[in-house]
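The primary structure of each chain is shown beneath.
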Amino acid sequence: MNVALAAMYGSGFWIRREKGLRLANLIFRFLALYATCAHLTLLQRKRRFAMVPKLHMIAHSAVDLQHQAAKSDWVQNPLSLTNQMQEDYIGRPCRISRRVNIRSLHRSLIMRALIVYQHSLRNSDVDLRGMDGYSDL
Amino acid sequence: MRAFANVRLEDAEVGVHRVLLDAGMTAPIRVETVDLGEGKLKRFPFIKLSEWVQHLLDTDRLSRQMVGVPTIAKMKPVLKEFWTRFRGVNPTHGIFALESEGALSLDTCIPFYSHTDEGRSYKHLPLWILSSHGAIGRGTRSYLASGKHKAPLRRNPMGLNFLGKTWSTNFIFASVLQTVTAECPEAIPELVEQYAADVRMLLYTGIFSRDGQTHVTFAHIGTKGDLPALVRLGSLKRSFYNVPRGPSSKKACQGICHLCLAGREGQDALPFEDVGPGAGWVATIAQSIPWNNTPAILAGLPLSAEDQIKFFNTDLWHNAHLGVVKHFTASAYVAIVESDLGSLPAGSVETKFRWISNIYKAYFRSMRVTPLVSEINRDTLNFPASTASPIGKWSKGSASTEMMMFLDYFCRNYIDGKTADPILVAIDSWLLQFARFGCSLHGHIEIQNYVLYLVDSKPVFFLALAFLRLVQPEL
């Protein structure tokens, strides 16, 4: 699973069909082995390797890759739908919210957020990483 | 200084902000208000996405922060290619009908996602936050290091929106503390309606630069969030909350997934536990709407019923690291303790856990890393008795990774070829399979990328090690 994720991190928003299909297979194998473990422990009448809905949601990511690959040369990287960066982002307003008067929390949060935004946007202006992409444009 | 001295102490927050605004220290964005009730709720603050993007356009930052390219001129061919590929996978999406009617031009239509989540705020009250961000961006570190971003447009995978401060690429709409939703249950639906109305304007009307030369529109292509956040935003009636708790129940479960009918019980049962590519539920994807009333976030978007269902996206990373891996590692450690492995010390389950824990601590000490979970025992695995179903107690994705990493180490040293226990063999082959697959997928030269990936995603030491083990077996 981690290998699959690593492959996705090295990619962009789009990945080639062939790679997408390989990723889908990898995810299915991950799920199949989990199910094998669950089956083996069930035979021993033990409650292990719970079959949780998140397994099903992971299967959706793999099915989606297969469906897209059947239609197109480029498929959407499942990581484009991740919340990882956003969770990092959410932590900040939450930290701010712990430092202001609770009665005026919403207003103070937004006003303080604007200060951080101004600072971040200015930093971003001088951050050139990735700005040299698309060599033919 | 004089300006600061003149700030009234009774309401210093507002006064200080005015001074900072004059000094250019805070973003000059108009904060709007909506009436959600009495008192403080009378003028509840939020920031329209249109305000954000207008500010970005006025300050010549729009293409950088929302698309990851330096200029509007460069943005146009990138967006055109983006939509060509998007059409490949979503040929019937409503946006293409709008284009053929001449209502918008795809080379100036910026795709974006919304995101909702609940974080922890003051006194641990949940704080709900809605924000937006561009679908494509500068890429990840490993993507840039591989130089893929320099590929010509036709072969360019287009960067993910990862690099750069998240506060320069994710734009807040509003936050709502739980005390507000308790007082005014309609607060979140009302705010989402405001958001949807603004998003509709951004799609159909768009925004203009000050000189009127540049016109840009925006397409909301999906919403993201963990499963509880999606259920809340869409009032989804089919969700993981419906998972049956017992072998039989009075009322048959209608489904556990908003995307398909998996989990449906009764005559045409579709078990969600079937996770193979040919599962019965695959044919039911996006066939049946999972809500009673169309969610407010969809208002004004040109989407078919099928695309409306698929609009609510699930996060693979979250489902794996904060879900399945927690179950897998916890069950695996319990399986080890309950096995007849020769190297296990004799005695109680506690003794055996202590033995594993000591190896665990020594392992991380040798790596000079302090693990997030201090030891492996009944408590950290939520395993008070042998009848319990184990699940990791940690709540960080990187803790899951550390657990996987140690599990791999343990398998190599204590399980490989040392037992015939079918469960342990399955656990071990699971780890080995994926390391091997990694080699075929990447080729050996990409080891360096793994190191960069560590920086990108925190959760992956395990993988780098598993990988090295195959590439350089002597390690």
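Calculation rules
- Residues numbered from 1 in each chain as written.
- Chains lettered and ligands numbered in written order.
- Predicted model: local features only at pLDDT ≥ 70, side-chain atom pairs only at ≥ 80, totals over all residues.
- Core = buried A, V, L, I, M, F, W, Y, C linked by C-beta atoms within 7 Å.
- Buried ≥ 20, exposed ≤ 12 C-beta atoms within 10 Å, placed from the backbone.
- Helix = DSSP H or I, 4+ residues; strand = E, 2+ residues; numbered from the N terminus.
- Contact = placed C-beta atoms within 7 Å.
- Axes fitted to C-alpha atoms, helices over the stretch in contact; angles between N-to-C directions.
- Left-handed = near helix turned anticlockwise from the far one by under 90°.
- Pairing = 2+ DSSP bridges.
- Domains from an automatic or database assignment.
- Nonpolar A, V, L, I, M, F, W, Y, C, P; charged D, E, K, R; others polar.

With 158 residues, the main nonpolar core has A:Y34, A:L55, A:I58, B:L79, B:L191, B:Y333 and B:I427 as its most contacted residues. A total of 13 residues in this core trace back to one element, the largest contributor, which is helix α13 (residues 316-337) of chain B. Look past the residues within four positions of B:L79 in its chain and what remains in contact with it is B:V67, B:L106, B:D107, B:T108, B:C109 and B:I110.

Time to look at the packing of α13(B) against helix α14 (residues 349-366) of chain B. Residues and elements named next belong to chain B. One way to put it is that α13 packs onto α14 with a least axis distance of 10 Å and a crossing angle of 115°. Crossing of α13 over α14 shows right-handed handedness. Residues Y333, I336 and V337 of α13 pack against V349, K352, F353 and I356 of α14.

This part takes up the pairing of strand β4 (residues 126-134) of chain B. Residue and element names in this part refer to chain B. Across the 9 residues that make up β4, a large majority, 8, are buried. The pairing of strand β3 (residues 109-120) with β4 spans 9 bridges and is antiparallel. Bridged to S114 within β4 is S132. Here 7 bridges tie β4 to strand β5 (residues 170-177), and the two strands are oriented antiparallel to one another. Bridging across to β5, W128 finds its partner in V176.

This brings us to the domain arrangement of chain A. Where interface size is quoted, it is often the accessible area lost as the parts come together. What the domain assignment lists for chain A is domain 1 (2-81) and domain 2 (84-125). Each of domain 1 of chain A and domain 2 of chain A was reduced to a C-alpha centroid, and the two centroids are 35 Å apart.

Another point: the interface of chain B and chain A. Every contact between the two is made by 120 residues of chain B and, on the other side, 100 residues of chain A. Its residues assigned to classes, the side of chain B that touches chain A comprises 66 nonpolar, 37 polar and 17 charged.

Across a sheet, strands are paired by hydrogen bonds formed along the backbone, either parallel or antiparallel in direction. All names here are of chain B. Taken in spatial order, the 5 strands line up as β5-β4-β3-β7-β6 in an open sheet, and their pairing is mixed. Only two strands of the sheet have a single partner each, and these edge strands are β5 and β6 (207-208). Two elements, β6 and strand β7 (residues 215-224), share 2 bridges in a ladder whose sense is antiparallel. Bridging across to β7, I207 finds its partner in V216.

Another aspect to go through is the environment of A:H60. Among the structural elements, A:H60 can be located in helix α3 (residues 53-71). Discounting residues that sit within four places of it in the chain, A:H60 has contacts with B:L259 and B:T314.

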